[in-house]
Amino acid sequence: MTCNLLLVDDHSLIRAGVRALVLDIPGYAVIGEANDGSQLLEMVEKLSPDIVLLDISMKQTGGLEALQRLKQVRPQSKVLILSMHTDPALIMQALESGAHGYLLKDTTATELEHALDALRNNERYLSPAIAHTVINQALIRNQKHQPEAADSHNLTARQLEILRLIVRGKSTREIANGLGLSIKTVETHRSQIMKRLQIYDVAGLVLFAVREQIISLDD
């Protein structure tokens, strides 16, 4: 089945470039374009996209505001932030507001495909270039708030290994190839990790991994 995308960016050239990249990815189609957050909300109700590619900085209704409203209007639509911003606080805010992935605009066509595949398979995706940034921001927040530690011993050695790779922004396919496992096995481990930790988003997993010293800034 074709996965339908809605592009949201206030620069027509950016939208045209992304559309051209998507045309070369089998199984995806761009069904609409919006130039600000307000137009996005109108089009979402009419088109019901599977994935929304959303810029953060727009002249009218901003991306973060639109994202929060979108989660109320159509929570089943996955949101992939496509932005030039690498500010750690902004990235974390986007993830905590409901974004399923964050991709930098200087990305390659291959990475865009990986990100879309991840969201299509109910996974999260972070550009490898910003994974370290997100971990650093999580560490700073952890030092400020010192949340109650979870029990990392609920996870097996293999699950801890997979958790480290998830936090680093690796897709299920990349994890499976790197560890010599099937995609289905990795998906099962991912589901069990989230269920045991009762954490269901990347930002939460990063916080947990930093707090429990499962991953460090040197990784």
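Before any of the text, the structure's been laid out above.
The structure displayed is predicted, hence computed values, not measured ones.

Residues and numbers for the environment of Glu123, please.
Mapped onto the elements, Glu123 comes out in the loop between α5 (109-120) and β6 (125-126). Note on Glu123: relative accessible area 6%, which makes it buried. Between the C-alpha atom of Glu123 and that of Arg190, which follows or precedes it by 67 residues, the distance is 9.3 Å. Not counting residues within four places of it along the chain, the set of residues in contact with Glu123 comprises His100, Ala118, Ser171, Thr172, Glu187 and Arg190. A distance of 2.4 Å separates the side chain of Glu123 from the side chain of Thr172, its partner in a polar contact.

How would you summarise the side chain of Ser83 if you had to cite specific residues and measurements?
In this structure, Ser83 sits in strand β4 (residues 78-83). A residue is classified by how much of its surface remains accessible, and Ser83, at 0% relative accessible area, is buried. A distance of 2.9 Å separates a polar side-chain atom of Ser83 from the backbone nitrogen of His85. Contacts of Ser83, omitting those with residues within four sequence positions, involve Asp55, Ile56, Tyr102, Leu103, Leu104 and Lys105.

Explain the nonpolar core to me, using residue names and the numbers behind them.
One finds Leu40, Val52, Leu54, Tyr102, Leu163 and Leu205 to be the most contacted residues of the largest nonpolar core, which totals 50 residues. The element best represented in this core is helix α7 (residues 157-167), accounting for six residues. Beyond its immediate chain neighbours, meaning those up to four positions away, Leu40 contacts Leu6, Val8, Ala34, Val52, Leu54 and Ala66. Among the nonpolar cores identified, the runner-up in size contains 19 residues, and Tyr28, Val30, Leu103 and Leu119 belong to it.

Residue-level account of the pairing of strand β5 (residues 101-104), with values.
Every second residue of β5 is oriented toward a common face, with Gly101 and Leu103 on one face and Tyr102 and Leu104 on the other, all of them buried. Alignment of β4 against β5, held across four bridges, turns out to be parallel. Across the sheet, Leu80 pairs through a bridge with Gly101, a residue of β5. By the bridge criterion, two bridges tie β5 to β6 in an arrangement that is parallel. Looking at β6, one finds that Gly101 is bridged to Tyr125. Taken together, β5, α5 and β6 form a β-α-β motif whose crossover is left-handed.

Residues and numbers for the sheet that holds strand β1 (residues 3-8), please.
The parallel open sheet is built from six strands, whose spatial order is β2-β1-β3-β4-β5-β6. Edge strands, defined here as strands with exactly one partner in the open sheet, are β2 (28-34) and β6. With six bridges joining them, β1 and β2 adopt parallel strand pairing. Bridge pairing in β2 links Leu6 to Gly32. Against the sheet, helix α1 (residues 12-23) touches β1, β2, β3 (51-54) and β4, its axis set at about 165° to β2.

For unusual backbone geometry, give the residues involved together with the corresponding values.
Backbone geometry places Ser48, a non-glycine residue, at a positive phi of 50°. Along the polypeptide, Ser48 turns up in the loop between α2 (37-47) and β3. One non-glycine residue, Asn122, lies in positive phi territory at about 60°. Along the polypeptide, Asn122 turns up in the loop between α5 and β6. We classify Asn122 as exposed; its relative accessible area is 63%.

Explain helix α8 (residues 172-179) residue by residue, including any values.
Side chains three or four residues apart in an α-helix point the same way, a direct result of the helix having 3.6 residues per turn. Those residues of α8 that sit buried are Thr172, Ile175, Ala176 and Leu179. Seen along its axis, α8 keeps its buried residues to an arc of 100°; they face one direction. Exposed residues pointing more than 90 degrees away from the buried face of α8 are listed as Asn177 and Gly178. Buried residues belonging to α8 abut α7 and α9 (183-197).

Cut-offs applied
For every chain, the first residue of the written sequence is number 1, and numbering continues from 1 onward in sequence order. Selection of residues for local features in this predicted model requires a pLDDT of at least 70, selection of side-chain atom pairs for listing and counting requires 80 or more, and totals for whole chains, interfaces and linings are taken over all residues. Just so you know, side-chain values use all the structure's heavy atoms and leave hydrogens and water out. Under the scheme used here, helices are H or I runs from DSSP no shorter than 4 residues and strands are E runs no shorter than 2 residues, and both carry numbers assigned from the N terminus. Between buried and exposed lies partly exposed: a residue is buried under 20% and exposed over 50% of the maximum accessible area for its type, with that area taken using a 1.4 Å probe on protein chains only. Two residues qualify as a contact provided that any one of their heavy atoms is within 4.5 Å of a heavy atom in the partner residue. By the criterion applied in these results, polar contacts are pairs of N or O atoms within 3.5 Å in which, for protein atoms, one can donate a hydrogen and the other can accept it, and in which residues neighboring in sequence qualify only through two side-chain atoms. Put simply, a nonpolar core is a bunch of buried Ala, Val, Leu, Ile, Met, Phe, Trp, Tyr and Cys residues held in one set by side-chain atoms that sit within 4.5 Å of each other. Pairing between two strands is assigned when DSSP locates at least 2 bridges connecting them. Place the viewer so that the strands point away; then a crossover is right-handed whenever the path from the first strand over the helix to the second strand goes clockwise. Fitting a line to C-alpha atoms yields each axis, with helices limited to the stretch in contact; the angle taken between N-to-C directions then spans 0 to 180 degrees. The arc in question is formed by the directions pointing from the helix axis toward the C-beta atoms.

As far as function goes, none of this settles anything; it's purely spatial.
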